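Commentary on secondary and tertiary structure
For reference, the chains in residue letters:
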Amino acid sequence: MTSATFRFYEELNDFLPAERRWQSFTCKCARGATVKHMIEALGIPHTEVELVLLNGESVGFERVIFDDDRLAVYPKFEALDISPLLKVRAQPLRVLRFVADAHLGGLASLLRMSGFDTLYDNGFEDGEIAEIAAQQGRIVLTRDRDLLKRRIISHGCYVHALKPSLQLRELYERLDLARSARPFSLCLHCNLPVHEISPELARPQVPPRVGALYSHFLRCDACQRVYWEGSHWRGMCALLAPLLGR
């Protein structure tokens, strides 16, 4: 049995018991335990971690922990490019395509509204989500810590907030989404691009009052849904405005 000292930073403390938050603490490690094994044994999914400094040196998850090692563990960095320091993955967590678990349907719709490719099906099993993430390079969004501990998942976010609007704000802040957002470019139902169509094409597909009041329409080529700038659109704009900074 070996002993090592850990210090976790920022939101990683949310996963720790109160007596271990925001401070260094020492704990026992099994002989041969790796960085990944110990981080997850302490309750933190490896997908929440972007940088590990062991005795001041950036290391990967596979590094074995030895007696008296000191580890500083950091979450995802939004404003600072730390690519030259990264050892835990080949690249930073900035692949902005998502797959959401069955409990995050509202968040999935809001991400699509923002223009982010987001797969969601309330029938997805955890194993299926993990396979999709691994094969398609998607970030897993979930409130299930055990899902994020699956070995094949390299990119993931544990969502802390409970309400979809607050979950969206959380992701905008954590992943700096404002720079990549393309609002109203995807179908909220199909997750496929929408395209502008003429009022003449739109009017047979919308209520007569809508056809008379509006002149700008978007349509999804897959499901044929038509969108226009009505009260629902204004509500979505109000939700996005503070997140986008305009």
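Predicted model, so just to flag it, every value in this text is computed and none were measured.

What follows deals with the packing of aromatic side chains. One pass over the full model with this rule turns up seven aromatic pairs. Plain terms: the ring middles of phenylalanine 6 and phenylalanine 8 are 6.2 Å apart, the flat faces sit at 5 degrees to each other, and that makes the pair stacked. Just as phenylalanine 6 is buried, phenylalanine 8 falls in that class too. Considering the side-chain rings of tyrosine 9 and tyrosine 74, the 4.5 Å spacing of their centres and the 5 degrees angle between planes classify their relative orientation as stacked.

What follows deals with the UniProt feature "domain: Mut7-C RNAse" (unreviewed entry) in the protein chain. Taken from the UniProt record, the annotation "domain: Mut7-C RNAse" (unreviewed entry) applies to residues 97-238. Annotation note: span residues 97-238, helix share 38%, strand share 17%, distance between end C-alpha atoms 24 Å.

We now examine the layout of surface pockets. Computed from the structure, the largest pocket encloses a volume of approximately 300 Å³. Taken together, 15 residues form the lining of the largest pocket, with Tyr227, Trp228, Glu229, Trp233 and Met236 sitting closest to its centre. Within the residue set of the lining of the largest pocket, elements represented by two or more residues are strand S12 (226-228) and helix H8 (231-244). Each residue belonging to the lining of the largest pocket can be placed in one class, and the counts come to eleven nonpolar, three polar and one charged.

What follows covers the sheet that holds S12. In spatial order, the strands read S10-S11-S12; together these three strands make up an open sheet with antiparallel pairing. Of all strands in the sheet, those bounded by a partner on one side alone are strand S10 (194-197) and S12. Taken pair by pair, the neighbouring strands of this sheet meet at an average axis angle of 35 degrees, ignoring direction. As paired elements, strand S11 (residues 217-220) and S12 share three bridges and run antiparallel to each other.

Note on pairing: side chains with opposite charge can pair once their charged atoms come close. Under the definition given, this model contains eight salt bridges. Residues arginine 174 and glutamate 11 are paired through a salt bridge, measuring 3.8 Å at the closest nitrogen-oxygen approach. Remark: glutamate 11 occurs in the loop between strand S1 (2-8) and strand S2 (25-29) and arginine 174 occurs in helix H5 (residues 164-175); sequence separation between them is 163 residues. Between glutamate 40 and lysine 36 there is a salt bridge, with the nearest N and O atoms lying 3.3 Å from each other. Of this pair, glutamate 40 and lysine 36 both sit in helix H1 (residues 35-41), four residues apart, which is roughly one turn of that helix. With respect to burial, glutamate 40 and lysine 36 carry one shared label: buried.

Cut-offs and rules
- Residues numbered from 1 in each chain as written.
- Predicted model: local features only at pLDDT ≥ 70, side-chain atom pairs only at ≥ 80, totals over all residues.
- Heavy atoms only, no water.
- Phe/Tyr/Trp six-rings, centres within 6.5 Å; stacked < 30°, edge-to-face > 60°.
- Buried < 20%, exposed > 50% of the residue type's maximum accessible area, 1.4 Å probe, protein only.
- UniProt positions renumbered as here; feature names shortened; annotations may be inferred.
- Helix = DSSP H or I, 4+ residues; strand = E, 2+ residues; numbered from the N terminus.
- 1 Å grid on protein atoms, 1.4 Å probe; cavity = no way out; pocket = protein on both sides within 12 Å on 5 of 7 lines; lining within 4 Å.
- Points joined across faces, edges and corners; volume = space filled by probe spheres on them.
- Nonpolar A, V, L, I, M, F, W, Y, C, P; charged D, E, K, R; others polar.
- Pairing = 2+ DSSP bridges.
- Axes fitted to C-alpha atoms, helices over the stretch in contact; angles between N-to-C directions.
- Salt bridge = Lys/Arg side-chain N within 4 Å of Asp/Glu carboxyl O.

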